[in-house]
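Summary of structural features
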Amino acid sequence: MSHSVVQGFTKSLAMTVLSEIGDKTFFAAAILAMRYPRKLVLLGCLSALLVMTILSVLLGWAAPNLIPRQLTHHITTLLFFGFGLWSLWDAFKEGEAEELAEVEAELDANFKTNGSVKQNNKGDDDSKKQSRPFLTQLFSPILLKAFSITFFGEWGDKSQVSTIGLAADENPFGVVLGGILGHALCTTAAVLGGKSLAKQISEKLIALSGGVLFIVFGIQSFLSTVESGGVVI
């Protein structure tokens, strides 16, 4: 089976984009960017996703060294089929998941608890942030909040587990590059597009596309096992 960088990159990029668009962390980034300086929100979210992607790929890369590669390949195949069916179920079940409303409610509760500043004072706050040294902004509460919300929101998520499985079956370097680029594209779109972009996203269409993609990956993985006589090389 091929372990080329290009194959790992393209699979990881496609999987990440379809998994992250309309995801809770996507909506969280969009809402945070409306309330805080976009630069800090983008930096915090991207940093969390970068760390999460590298950790996931390292876990996937180490898996074949701890358990037989043939077993990790079969587990990855089952994960692809499982996540594909899960996504298709989300797409076809009655009603669309209102993740945007759920995330907004959670963040609103968090803002109220911490006594966040009202929107009409955002301009003054932004100017103050811009006047601070870069290193001071780097460790600002806003950046840390964006980092923690994104990091823990991704932990154990479908896209994280899929990245681990993909890294166990494909070239880890290609999976890292594809995952980072996919996260960067989705998060940048969320931060720049804001809530208006998030509202225009069809969660049902994204879930359907993601489900089909996972099923295709599962079929490819299964066929590679059949072609090699049940032994992954």
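Owing to the predicted nature of the structure, the values given are computational and were not obtained by experimental measurement. (Residues numbered from 1 in each chain as written. Predicted model: local features only at pLDDT ≥ 70, side-chain atom pairs only at ≥ 80, totals over all residues. Heavy atoms only, no water.)

**Digging into the environment of Leu166**
Structurally, Leu166 can be placed in helix α9 (residues 158-169). Here Leu166 falls in the buried class, since its relative accessible area comes to 0%. On a C-alpha basis, the gap between Leu166 and Thr77 in space is 9.4 Å, while along the polypeptide they are 89 residues apart. Those residues within four positions of Leu166 in sequence are excluded, and the remaining contacts are Lys11, Ser12, Met15, Thr76, Phe80 and Val175. (Helix = DSSP H or I, 4+ residues; strand = E, 2+ residues; numbered from the N terminus. Buried < 20%, exposed > 50% of the residue type's maximum accessible area, 1.4 Å probe, protein only. Contact = heavy atoms within 4.5 Å.)

**Comments concerning the packing of aromatic side chains**
Given two aromatic rings, their pairing is described by the distance between the two centres and the angle made by the two planes. Under the criterion given, the structure shown has eight aromatic pairs. Grouping aromatic residues by their ring pairs yields a cluster made of Phe80, Phe83, Trp86, Phe214 and Phe217. Above the ring of Phe217, the side-chain terminus of Lys11 is found at 5.2 Å from the ring centroid. (Phe/Tyr/Trp six-rings, centres within 6.5 Å; stacked < 30°, edge-to-face > 60°. Lys NZ or Arg CZ within 6 Å of the ring centre and 35° of its normal.)

**Details of helix α1 (residues 5-20)**
Over its 16 residues, α1 runs 22 Å from end to end, which matches the ideal 22 Å to within 8%, given 1.5 Å per residue. Within the span of α1, buried status applies to Gly8, Lys11, Ser12, Leu13, Met15, Thr16, Ser19 and Glu20. (Expected span 1.5 Å × (residues − 1).)

**What to know about the side chain of Glu154**
In this structure, Glu154 sits in helix α8 (residues 141-154). According to the relative accessible area criterion, Glu154 is buried, its value standing at 2%. A polar side-chain atom of Glu154 sits 2.9 Å from a polar atom in the side chain of Thr25. Other than its neighbours up to four places away in sequence, Glu154 contacts Glu20, Asp23, Thr25, Leu49, Met52, Ser159, Gln160 and His183. (Polar contact = N/O pair within 3.5 Å; in protein donor to acceptor, adjacent residues only side chain to side chain.)

**Side note on the UniProt feature "transmembrane region" (unreviewed entry) in the protein chain**
The residues that UniProt annotates with the feature "transmembrane region" (unreviewed entry) are residues 40-63, 75-92, 134-153, 173-193 and 205-223. Within the segment residues 75-92, helix and strand shares are 100% and 0% respectively, and the terminal C-alpha atoms sit 26 Å apart. (UniProt positions renumbered as here; feature names shortened; annotations may be inferred.)

**Comments concerning the packing of helix α2 (residues 24-35) against helix α3 (residues 38-66)**
Axes are the key here: two packed helices are described by the angle between their axes and the distance separating the axes. Closest axis-to-axis distance for the α2/α3 pair is 8 Å, and the angle between their directions is 155 degrees. One finds that α2 runs roughly antiparallel with respect to α3. In terms of crossing hand, the pair formed by α2 and α3 is right-handed. For the pair α2 and α3, the contacting residues are Ala29, Leu32 and Ala33 in the first and Arg38, Val41 and Cys45 in the second. The residue inventory of the contact of α2 with α3, partitioned by class, reads five nonpolar, no polar and one charged. (Axes fitted to C-alpha atoms, helices over the stretch in contact; angles between N-to-C directions. Parallel < 35°, antiparallel > 145°, perpendicular 65-115°, else oblique. Left-handed = near helix turned anticlockwise from the far one by under 90°. Nonpolar A, V, L, I, M, F, W, Y, C, P; charged D, E, K, R; others polar.)

**Some remarks on the pattern of salt bridges**
Overall, the coordinates contain one salt bridge when judged by the stated rule. With its nearest N and O atoms 3.1 Å apart, the salt bridge here joins Glu170 to Lys11. Residue Glu170 is found in the loop between α9 and α10 (172-200), and its partner Lys11 is found in helix α1; the two are separated by 159 residues along the sequence. Using a relative accessible area of 10% as the deciding quantity, one classes Lys11 as buried. (Salt bridge = Lys/Arg side-chain N within 4 Å of Asp/Glu carboxyl O.)

**As for a nonpolar patch on the surface**
A cluster of nonpolar residues, Leu50, Val51, Ile54, Leu55, Leu58, Trp61, Trp155 and Ile180, forms a patch on the protein surface that exposes about 710 Å² of accessible area. With six residues, the top contributor of residues to the nonpolar patch is α3. Its location among the elements puts Leu55 in helix α3. We classify Leu55 as partly exposed; its relative accessible area is 36%. (Patch = residues over 30% accessible without salt bridge, like charges linked within 9 Å, V, L, I, M, F, W, Y side chains within 5 Å. Areas by Shrake-Rupley, 256 points an atom, 1.4 Å probe, with all protein chains shown as cover.)

**Focus: helix α4 (residues 69-92)**
For α4, which comprises 24 residues, the first-to-last C-alpha distance of 35 Å matches the rise-based estimate of 34 Å (1.5 Å per residue) to within 8%. Within α4 the residues assigned to the buried category are Thr72, His73, Thr76, Thr77, Phe80, Phe83, Gly84, Ser87 and Ala91.

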